[in-house]
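Tertiary structure, described
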Amino acid sequence: MANLPDKEKLVRNFNRCANWEEKYLYIIELGAKLPESSESLHQPEYVISGCQSQVWIRMTPQSDSTIAFEGDSDAAIVKGLIAVVFSLYQGLKPAEILALDVGHWFGELALTQHLTPSRSQGLEAMIRAIRHNAQSLS
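Residues numbered from 1 in each chain as written. Predicted model: local features only at pLDDT ≥ 70, side-chain atom pairs only at ≥ 80, totals over all residues. Heavy atoms only, no water.

The name given to the protein in an unreviewed UniProt entry is Cysteine desufuration protein SufE, with Pantoea wallisii as the source organism.

As a volume, the largest pocket reaches approximately 160 Å³. In this structure, the largest pocket is lined by Glu45, Tyr46, Val47, Ile48, Ser49, Ile57, Arg58, Met59, Ala125, Arg128, Ala129 and Asn133. Taken together, the elements giving at least two residues each to the lining of the largest pocket come down to strand E1 (55-61) and helix H6 (117-137). With 4 residues, the top contributor of residues to the lining of the largest pocket is H6. Residues of the lining of the largest pocket, tallied by class, amount to 7 nonpolar, 2 polar and 3 charged. (1 Å grid on protein atoms, 1.4 Å probe; cavity = no way out; pocket = protein on both sides within 12 Å on 5 of 7 lines; lining within 4 Å. Points joined across faces, edges and corners; volume = space filled by probe spheres on them. Helix = DSSP H or I, 4+ residues; strand = E, 2+ residues; numbered from the N terminus. Nonpolar A, V, L, I, M, F, W, Y, C, P; charged D, E, K, R; others polar.)

This part is about a positive patch on the surface. Judged by side-chain charge, Lys9, Arg12, Arg16 and Lys33 come together as a positively charged surface patch. Top element by residues in the positive patch is helix H1 (residues 7-16). It accounts for 3 residues. Along the chain, Arg16 turns up in helix H1. (Patch = residues over 30% accessible without salt bridge, like charges linked within 9 Å, V, L, I, M, F, W, Y side chains within 5 Å. Areas by Shrake-Rupley, 256 points an atom, 1.4 Å probe, with all protein chains shown as cover. Salt bridge = Lys/Arg side-chain N within 4 Å of Asp/Glu carboxyl O. Lys, Arg positive; Asp, Glu negative; His and termini not counted. Charge placed at Lys NZ, Arg CZ, Asp CG, Glu CD.)

In structure tokens form, the structure reads like this:
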């Protein structure tokens, strides 16, 4: 995930976009930066329920106690939203994931106001699943 921007750079890049069409294109571009997912990711235990599109997220503890993320979706914008979420959580330990106020960052991006209700629900489902998994890994 080294090719994803950190939280601050994500907000800066988002704010450089002139309008929401450009922001959606940037989200799709972020999704394209996610590494090609392996077939082992597309298993039932990694499915995020509550998303209209198919979404898979795997969290793997690393030797330095941080969590590595792998994710995929069958929809380009949703895959981009996965990348946005991973940008917020990359390099964090489980306790830091639980402590992070993603609402603040979504506010900085003005993201939730511009998503369809089903995408907002899917985004919330991703956050809930990540927090749940972080809780079990801490």
